[in-house]
Amino acid sequence: MRTLATGYAAALPGRDTHSLMHGLDGVQLTFMPMGDRDGAFDPEHNVILINSRVRPERQRFTLAHEISHALLLGDDDLLSDLHDAFEGDRLEQVIETLCNVGAAALLMPTDLIAGMLARFGPTGRALGELARRADVSASTALYALAEHTDAPVLYAVCALTRAGSDDPDDGPAGKVLTVRVSGGAPGVKYSLRPGTPVPDDHPVAVALDTRLPIVQDSYVPFRSGRRMPAQVDAFPDRQRVLVSFRLPDRPAARDEA
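Keep in mind it's a predicted model, so treat the numbers as computed, not measured.

Q: Even after reading the chapter, I still don't get the overall build of the chain, so can you show me in this structure?
A: Regarding its fold elements, the chain presents 9 helices and 8 strands. Relative to the compact-globule value of 18 Å for 257 residues, the chain shows a C-alpha radius of gyration of 20 Å, a close match. Projecting the C-alpha coordinates of the chain onto the three principal axes gives extents of approximately 55 × 40 × 35 Å. Here the chain holds 257 residues, and the buried ones make up 49% of them.

Have a look at this one:
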């Protein structure tokens with residue numbers, strides 16, 4: 001799937017919406033209210049539908065995801081292999097996962113990710129720059145960056161949420177800084193669960209308060225209370241902080257439960 005998407009992207013004139021559709025001859029793009037659905041590809045009528053009421057960056061990823069559906073349906077060998085290996089709900093799950101892989105390859109080519117890592121290293125700044133330049137969400141950029149990071153690094157996106165709520169925009173009162181999403185480089189077995197609180201004196205919290213980037217030897221604030229030593233690179237970006245935790249070596253322990 002990544003090879004399909006990479007080959008498609010290589011022939012595009014750019015990464016804007018019009019350019020992304022450039023290689024799909026005869027396929028129309030339509031924006032319309034779609035309720036809870038982000039988008040869909042209708043191969044019978046050759047149309048990609050995108051929910052007009054979601055954020056632009058979400059629309060962009062959804063478009064790349066639906067283009068990946070079209071690419072997959074056009075590859076008889078890959079489609080046959082999938083149907084041979086999976087069926088039912090599992091087949092649908094695998095196809096959705098592959099289309100996410102394809103979307104990431106379309107929007108964040110390897111050379112772009114490599115360029116961010118070469119310039120900024122495996123840092124919160126690299127995460128922020130990748131999200132900005134690819135025009136994708138920080139969580140989407142996080143997974144792509146983590147996949148291409150060789151160092152033992154755990155990435156996280158942290159934001160203010162109201163106590164007892166997972167919605168960062170759910171009221172101004174009682175807000176706490178929590179982990180929204182996290183992911184590690186290959187071989188890093190630890191993770192931070194969404195909703196994990198960040199202590200007020202942690203460098204991540206200080207970066208949000210001061211709006212200044214911070215690089216400091218500190219720790220990974222696991223929900224269990226365990227403090228794993230790590231070099232913390234906290235990069236404030238609007239109402240969130242993009243973070244990399246550089247671990248002293250590649251851990252081999254199980255994921256945090």
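Back to the write-up after that little detour.
Q: I keep staring at the nonpolar core and nothing clicks. Help me out?
A: Membership of the largest hydrophobic core comes to 56 residues, with the highest contact counts inside it found for Leu24, Ile48, Ile67, Leu72, Met108, Leu130 and Leu145. Taken together, domain 1 (1-107) and domain 2 (123-246) each give at least three residues to this core, which thus spans both.

Q: Quick question: what am I supposed to make of the sheet that holds strand E4 (residues 153-162) here?
A: Paired through backbone hydrogen bonds, the strands of a sheet run either parallel or antiparallel to each other. With antiparallel pairing, the 5 strands of this open sheet are ordered in space as E5-E4-E8-E7-E6. If you trace the sheet from one side to the other, it starts and ends with strand E5 (175-184) and strand E6 (214-221), each paired once. On average, adjacent strands in this sheet sit at an angle of 35 degrees to one another, irrespective of strand direction. Relative to E5, E4 runs antiparallel, the two sharing 9 bridges.

Q: Would you mind showing me how to read helix H6 (residues 110-120) here?
A: Residues spaced three or four apart along an α-helix point in a common direction, a consequence of the helix completing one turn every 3.6 residues. Of the residues making up H6, those classed as buried are Leu112, Ile113, Met116, Leu117 and Phe120. For H6, the buried positions fall inside an angular range of 135 degrees around the axis, keeping them on one side. Opposite the packed face of H6, turned more than 90 degrees from it, sit the exposed residues Asp111, Ala118 and Arg119. Turning to H6, the residues buried within the fold contact helix H5 (88-107), helix H7 (124-134), helix H8 (138-147) and E4. Count one or two residues on from H6 and you reach Gly121, which has phi positive near 75 degrees.

Q: Help me understand H7 in this model?
A: Buried residues dominate H7, accounting for 8 of its 11 residues. The complete set of buried residues in H7 reads Gly124, Ala126, Leu127, Gly128, Glu129, Leu130, Ala131 and Ala134. After H7 finishes, the residue Asp135 shows a positive phi value of roughly 55 degrees.

Q: Help me understand the pattern of salt bridges, please; the structure alone is not making it clear to me.
A: Two side chains with opposite charge may pair up if their charged atoms get near one another. According to the stated counting rule, one finds 8 salt bridges in the structure shown. When the shortest N-O distance is used, the salt bridge between Glu129 and Arg132 registers 2.7 Å. One end of the pair is Glu129 and the other is Arg132, both in helix H7 and 3 residues apart, which spans about a single turn. For Glu129, a relative accessible area of 9% translates into the label buried. The partner of Glu129 in a salt bridge is Arg133, and the shortest N-O contact between them spans 3.3 Å. Within this pair, Glu129 and its partner Arg133 are both found in helix H7, separated by 4 residues, close to a single helical turn.

Q: Which parts of the structure should I look at to understand the packing of helix H1 (residues 2-10) against H5?
A: A pair of packed helices can be characterised by two numbers: the angle between their axes and the separation between those axes. Across the interface, H1 lies against H5 with an axial gap of 8 Å and an inter-helix angle of 30 degrees. Between H1 and H5, the angle falls in the class roughly parallel. As for how H1 packs across H5, the hand of that crossing is right-handed. Of H5, the residues touching H1 (which contributes Arg2, Ala5, Thr6, Tyr8 and Ala9) are Val101, Gly102, Ala105 and Leu106. Split into classes, the residues belonging to the contact of H1 with H5 amount to 6 nonpolar, 2 polar and 1 charged.

Criteria and thresholds
Residues numbered from 1 in each chain as written. Predicted model: local features only at pLDDT ≥ 70, side-chain atom pairs only at ≥ 80, totals over all residues. Heavy atoms only, no water. Helix = DSSP H or I, 4+ residues; strand = E, 2+ residues; numbered from the N terminus. Rg over C-alpha atoms; globule rule 2.2 N^0.38 Å. Buried < 20%, exposed > 50% of the residue type's maximum accessible area, 1.4 Å probe, protein only. Core = buried A, V, L, I, M, F, W, Y, C linked by side-chain atoms within 4.5 Å. Domains from an automatic or database assignment. Pairing = 2+ DSSP bridges. Axes fitted to C-alpha atoms, helices over the stretch in contact; angles between N-to-C directions. Arc of directions from axis to C-beta. Contact = heavy atoms within 4.5 Å. Salt bridge = Lys/Arg side-chain N within 4 Å of Asp/Glu carboxyl O. Parallel < 35°, antiparallel > 145°, perpendicular 65-115°, else oblique. Left-handed = near helix turned anticlockwise from the far one by under 90°. Nonpolar A, V, L, I, M, F, W, Y, C, P; charged D, E, K, R; others polar.

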